[in-house]
Amino acid sequence: MELRDSIREILSDKKTKTDGLHVKYIASHILNNSRTLFPDENDPTFEVLKQRINGILLYDINSKNSEFERVTNPKTNKYRKGVYKLKKRRGRKKGK
């Protein structure tokens, strides 16, 4: 499975759709899901995986057709550092 697909799958959970999830938790989910009984030496470390995920998310939110977005703090109205969620997609109207 591709890393972007794993991120999308984790962020599509019901609670994370609204609240979002920090990059370190996304990385730990992916690392735990990819582990087997006998770990491989080629598996990335937690820090490397976290950097890759952060890079993918930062690159994606700056693109025109991004599927991820940053989460804002409702009290300060500023972005929460390292917290992302899936963008809400507008559905098509029936009959069109």
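Above: the structure in question.
Residues numbered from 1 in each chain as written. Predicted model: local features only at pLDDT ≥ 70, side-chain atom pairs only at ≥ 80, totals over all residues. Heavy atoms only, no water.

### Some thoughts on the nonpolar core
Line of reasoning, step 1. Formed by 17 residues in total, the largest nonpolar core has its most connected members in Ile 7, Ile 26, Ile 30, Ile 53 and Leu 57.
Line of reasoning, step 2. Of all elements in the fold, only α1 (3–11), α3 (23–34), α4 (46–61) and β3 (79–86) reach the threshold of two or more residues within this core.
Line of reasoning, step 3. For this core, the element with the highest residue contribution is α3, accounting for five residues.
Line of reasoning, step 4. Ignoring sequence-local partners within four residues, the contact set of Leu 57 consists of Ile 7, Val 23, Ile 26, Phe 68 and Tyr 84. (Core = buried A, V, L, I, M, F, W, Y, C linked by side-chain atoms within 4.5 Å. Buried < 20%, exposed > 50% of the residue type's maximum accessible area, 1.4 Å probe, protein only. Helix = DSSP H or I, 4+ residues; strand = E, 2+ residues; numbered from the N terminus. Contact = heavy atoms within 4.5 Å.)

### Points about the environment of Asn 73
Line of reasoning, step 1. Tracing the backbone through its elements, the reader meets Asn 73 in the loop between β2 (68–72) and β3.
Line of reasoning, step 2. Setting aside residues no more than four positions away along its own chain, Asn 73 makes contact with Lys 78 and Arg 80.

### So, the packing of α1 against α3
Each pair of packed helices can be described by the angle between their axes along with the distance between the axes.
Line of reasoning, step 1. Between α1 and α3, whose axes approach to 10 Å, the crossing angle comes to 110°. Here α1 lies roughly perpendicular to α3, going by the angle between them. Crossing of α1 against α3: the hand is right-handed. Residue-level contacts link Leu 3, Ser 6, Ile 7, Ile 10 and Leu 11 of α1 to Ile 26, His 29 and Ile 30 of α3.
Line of reasoning, step 2. For the contact of α1 with α3, the class distribution of residues is six nonpolar, two polar and no charged. (Axes fitted to C-alpha atoms, helices over the stretch in contact; angles between N-to-C directions. Parallel < 35°, antiparallel > 145°, perpendicular 65-115°, else oblique. Left-handed = near helix turned anticlockwise from the far one by under 90°. Nonpolar A, V, L, I, M, F, W, Y, C, P; charged D, E, K, R; others polar.)

### Some points on the pairing of β2
Line of reasoning, step 1. As judged from the four bridges shared by β2 and β3, these two strands associate in the antiparallel manner. Bridge pairing links Thr 72 to Tyr 79 in β3.
Line of reasoning, step 2. The antiparallel hairpin formed by β2 and β3 contains six residues in its connecting segment, where Asn 77 sits at a positive phi of about 60°. (Pairing = 2+ DSSP bridges.)

### Concerning the packing of α3 against α4
Line of reasoning, step 1. Where α3 meets α4, the closest approach of the two axes is 9 Å, and the angle between their N-to-C directions is 120°. The angle between α3 and α4 places the two elements in the oblique class. As α3 runs across α4, the sense of the crossing is right-handed. Between α3, through Val 23, Lys 24, Ile 26, Ala 27, Ser 28, Ile 30 and Leu 31, and α4, the contact on the second element is made entirely by Phe 46, Leu 49, Lys 50, Ile 53, Asn 54 and Leu 57.
Line of reasoning, step 2. In terms of residue class, the contact of α3 with α4 is made up of nine nonpolar, two polar and two charged.

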